[in-house]
Amino acid sequence: MRTLVHLSDLHFGRTDAAILRPLAARVAAIGPDVVVVSGDLTQRARIAEFRQARAFLDRLPTPQIVVPGNHDVPLYNVFKRFFEPLDNYKRYITDDLTPFYSDEEVAVLGINTARSLTIKDGRINHDQMDMIRKRFAPVPPEKTRILVTHHPLFAMPIGKGGELSEAVGRHDDAVEAAAEAGIHIALAGHFHRTYAEAAQKMVADAGGALVIQAGTATSTRLRNAEPQSFNWLHVHRNDRIELQVIVWDGASFQRGHHVEYSRDAAGWQAHELDDPSARPGVRVAQAARA
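Residues numbered from 1 in each chain as written. Predicted model: local features only at pLDDT ≥ 70, side-chain atom pairs only at ≥ 80, totals over all residues. Heavy atoms only, no water.

Visitor: Before we go on, may I ask you to explain helix H2 (residues 47-57) in this structure?
Guide: One turn of the α-helix equals 3.6 residues, which is why residues spaced by three or four share an orientation. All buried positions along H2 are accounted for by Glu49, Phe50, Ala53, Phe56 and Leu57. Considered in projection along H2, the buried side chains sweep an arc of 120 degrees and stay on one side of the axis. For H2, the secondary structure elements touched by its buried residues are strand E1 (2-7), helix H1 (17-30), strand E2 (34-38), strand E3 (64-67) and helix H4 (87-92). (Buried < 20%, exposed > 50% of the residue type's maximum accessible area, 1.4 Å probe, protein only. Helix = DSSP H or I, 4+ residues; strand = E, 2+ residues; numbered from the N terminus. Arc of directions from axis to C-beta. Contact = heavy atoms within 4.5 Å.)

Written as structure tokens, this is what we have:
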């Protein structure tokens, strides 16, 4: 089994300072095999914000798979936005925009979906789609294949009424590439909502990926009254994982919702795991049973 911690939307420049130390301590106590950060490390891509983000990442366990988000591209500095959009990100966070980690049980690839020409939406180009196919091509079939992006490849329910978000640009081609690469789990952020669903329940021919959304871990920019949270994944096999949402209750990070997902011929099925000590927190939308 491998364990992953999935953080997203840190938004340094708009963080709750009281959360940072407890969050780093909680992640360290978990001792994950991999830490994933799915974008928006800063609020306005300023140097001071990237320095704060860098200092925070340095307190977390390694290895780390980190990708940028749309907030990591300068908004008001027009020159940098169009000519050096990720210059500060590459200087302070990492210059690797396709980070990859592989061990005996999991293979994890990060892809940059942030673009200069859009304010908040994301895109994926055909070179990146080819990268996804090529990176996972030599991965043995028994390994769990995990793709990390800031913007979800799939449309996600983001409002109280269940309205769907916009999917990433070139959505259909991106879904096809993920399917051809045999992606088992797709991790993303962006909407500050915690959500998990079987991709084939949302998109036809999605290739069997389980789509897992992370809420904001540290930002004060909350959506739909969801508290800050992060995901703790237990990857037993590529057809069986557990997802625990770890929720900030105002004083510490506590266990929230805990769901086991298993895949059979009918697709991914969800089974809620009982825990008498669990406190009320963010609820993970379960995959509808076939």
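Anyway, onward from the coordinates.
Visitor: Looking at this structure, I do not really get the pattern of salt bridges. What am I missing?
Guide: With the rule as written, the count across this model stands at 10 salt bridges. The salt bridge involving Arg2 is made with Asp103; its shortest N-O contact spans 2.8 Å. Taken as a pair, Arg2 in strand E1 and Asp103 in the loop between strand E4 (100-102) and strand E5 (106-110) lie far apart in primary sequence, 101 residues in all. This pair shows no difference in class: Arg2 is buried, exactly as Asp103 is. For the salt bridge of Asp239 with Arg237, the shortest nitrogen-to-oxygen distance reads 2.9 Å. What makes Arg237 partly exposed here is its relative accessible area of 46%. Each of Arg2, Asp103, Glu104 and Glu105 takes part in one network of salt bridges that share partners. (Salt bridge = Lys/Arg side-chain N within 4 Å of Asp/Glu carboxyl O.)

Visitor: Any chance you could explain the confidence of the model for the chain here in plain terms?
Guide: Atomic detail in the predicted coordinates should be set aside for any region of low pLDDT. In the predicted model, the chain carries a mean pLDDT of 86, and 82% of its residues have values of at least 70. This model gives residues 276-281 a pLDDT under 50, and the stretch forms 7 contacts once residues within four places in sequence are excluded. When the criterion is pLDDT under 50, residues 286-290 qualifies, and its contacts beyond four places in sequence or with other chains add up to 21 contacts. (pLDDT = per-residue confidence, 0-100.)

Visitor: In this structure, what is going on with the sheet that holds E5? I would like to understand it.
Guide: Backbone hydrogen bonds are what pair the strands of a sheet, in a parallel or an antiparallel way. If you trace the 6 strands from one edge of the open sheet to the other, you get E4-E5-E6-E7-E9-E8, paired in mixed fashion. At either end of the open sheet lies a strand with only one pairing partner, and these are E4 and strand E8 (195-198). Each strand axis lies, on average, 15 degrees off the axis of its neighbour in the sheet, ignoring direction. For strand E7 (residues 185-188) and strand E9 (residues 210-213), the ladder comprises 4 bridges, and the chain directions are parallel. Note on E9: the bridge partner recorded for Ile185 is Leu210. Here helix H5 (residues 126-136) sits on the sheet in contact with E4, E5 and strand E6 (144-148), set at roughly 160 degrees to E5. (Pairing = 2+ DSSP bridges. Axes fitted to C-alpha atoms, helices over the stretch in contact; angles between N-to-C directions.)

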